[in-house]
Amino acid sequence: ACLKFSHIYGPNEYDKGVDASIITQLLATKNPLGVQDPNQMLDFIYAKDAANALLWFIDKPNLSGVFNVGSGELR
């Protein structure tokens, strides 16, 4: 299986500067770098939720294909 993760965010990103997730930049500065359109909607997923999805797929070795992993909700 191939997993495609959406925008992952989580704790301890504040020291990453421009490499931090867009959500962390937004919370810190109200003007995230890399977002050209302020009305742009993105699918964010918390790091622990992304890890849980990965662990779920590890337990399912018979699954194959390409899977998008995200919250399923644009924000």
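J.: Help me understand the side chain of Asp43, please; the structure alone is not making it clear to me.
T.: Following the sequence through the fold, Asp43 ends up in the loop between helix H1 (22-29) and strand S3 (44-46). A distance of 2.5 Å separates the side chain of Asp43 from the side chain of Ser71, its partner in a polar contact. There is a polar contact of 3.2 Å between the side chain of Asp43 and the backbone nitrogen of Gly72. In this structure, Asp43 is in contact with Ser6, His7, Gly70, Ser71, Gly72, Glu73 and Leu74, ignoring residues within four places of it in sequence.

J.: Please explain the environment of Lys4 as it appears in this structure.
T.: With respect to the helices and strands, the residue Lys4 is situated in strand S1 (residues 2-5). Lys4 sits 62 residues away from Val66 along the chain, and the two C-alpha atoms are 7.2 Å apart. Ignoring any residue separated from it by four or fewer positions in sequence, one finds Lys4 in contact with Val66, Phe67, Asn68 and Val69.

J.: Honestly, a nonpolar patch on the surface in this entry has me stumped. Any pointers?
T.: Among the surface-exposed residues, Phe5, Ile8, Leu54, Leu55 and Ile58 lie close enough to one another that they form a single nonpolar patch of about 440 Å² accessible area. Considering each element in turn, the nonpolar patch owes the most residues, 3 residues, to helix H2 (residues 47-58). Classification of Leu54 as partly exposed rests on a relative accessible area of 40%.

J.: Help me understand H2, please; the structure alone is not making it clear to me.
T.: For an α-helix the count is 3.6 residues per turn, leaving residues at separations of three or four pointing the same way. Between its first and last C-alpha atoms H2 spans 17 Å; for 12 residues at 1.5 Å apiece the expected length is 16 Å, and the two agree. Where H2 is concerned, the buried positions are Ala50, Ala53 and Phe57. Along the axis of H2, the buried positions cluster into a sector of 60°, meaning they face one direction only. In H2, the exposed positions that point more than 90 degrees away from the buried face belong to Lys48 and Ile58. Of the surrounding secondary structure, the elements contacted by the buried residues of H2 are S1, strand S2 (7-9), S3 and strand S4 (66-69).

J.: Just checking my understanding: could you explain the packing of aromatic side chains for this structure?
T.: Any aromatic ring pair is given by two values, namely how distant the centres are and how the planes are angled relative to each other. Evaluation of the coordinates by the stated rule reveals 2 aromatic pairs. On the basis of an interplanar angle of 85° and a centroid distance of 5.1 Å, the ring pair of Trp56 and Phe57 is categorised as edge-to-face. Taking 4.8 Å as the distance between ring centres and 50° as the angle between the ring planes, the aromatic pair formed by Phe57 and Phe67 counts as tilted. In this pair, Phe57 is assigned in helix H2 and Phe67 in strand S4, connecting sequence segments 10 residues apart. You can call Phe67 partly exposed: its relative accessible area is 25%. Within the aromatic cluster, the residues linked to one another by ring pairs are Trp56, Phe57 and Phe67.

Thresholds, definitions, all that
Residues numbered from 1 in each chain as written. Predicted model: local features only at pLDDT ≥ 70, side-chain atom pairs only at ≥ 80, totals over all residues. Heavy atoms only, no water. Helix = DSSP H or I, 4+ residues; strand = E, 2+ residues; numbered from the N terminus. Polar contact = N/O pair within 3.5 Å; in protein donor to acceptor, adjacent residues only side chain to side chain. Contact = heavy atoms within 4.5 Å. Patch = residues over 30% accessible without salt bridge, like charges linked within 9 Å, V, L, I, M, F, W, Y side chains within 5 Å. Areas by Shrake-Rupley, 256 points an atom, 1.4 Å probe, with all protein chains shown as cover. Salt bridge = Lys/Arg side-chain N within 4 Å of Asp/Glu carboxyl O. Buried < 20%, exposed > 50% of the residue type's maximum accessible area, 1.4 Å probe, protein only. Expected span 1.5 Å × (residues − 1). Arc of directions from axis to C-beta. Phe/Tyr/Trp six-rings, centres within 6.5 Å; stacked < 30°, edge-to-face > 60°.

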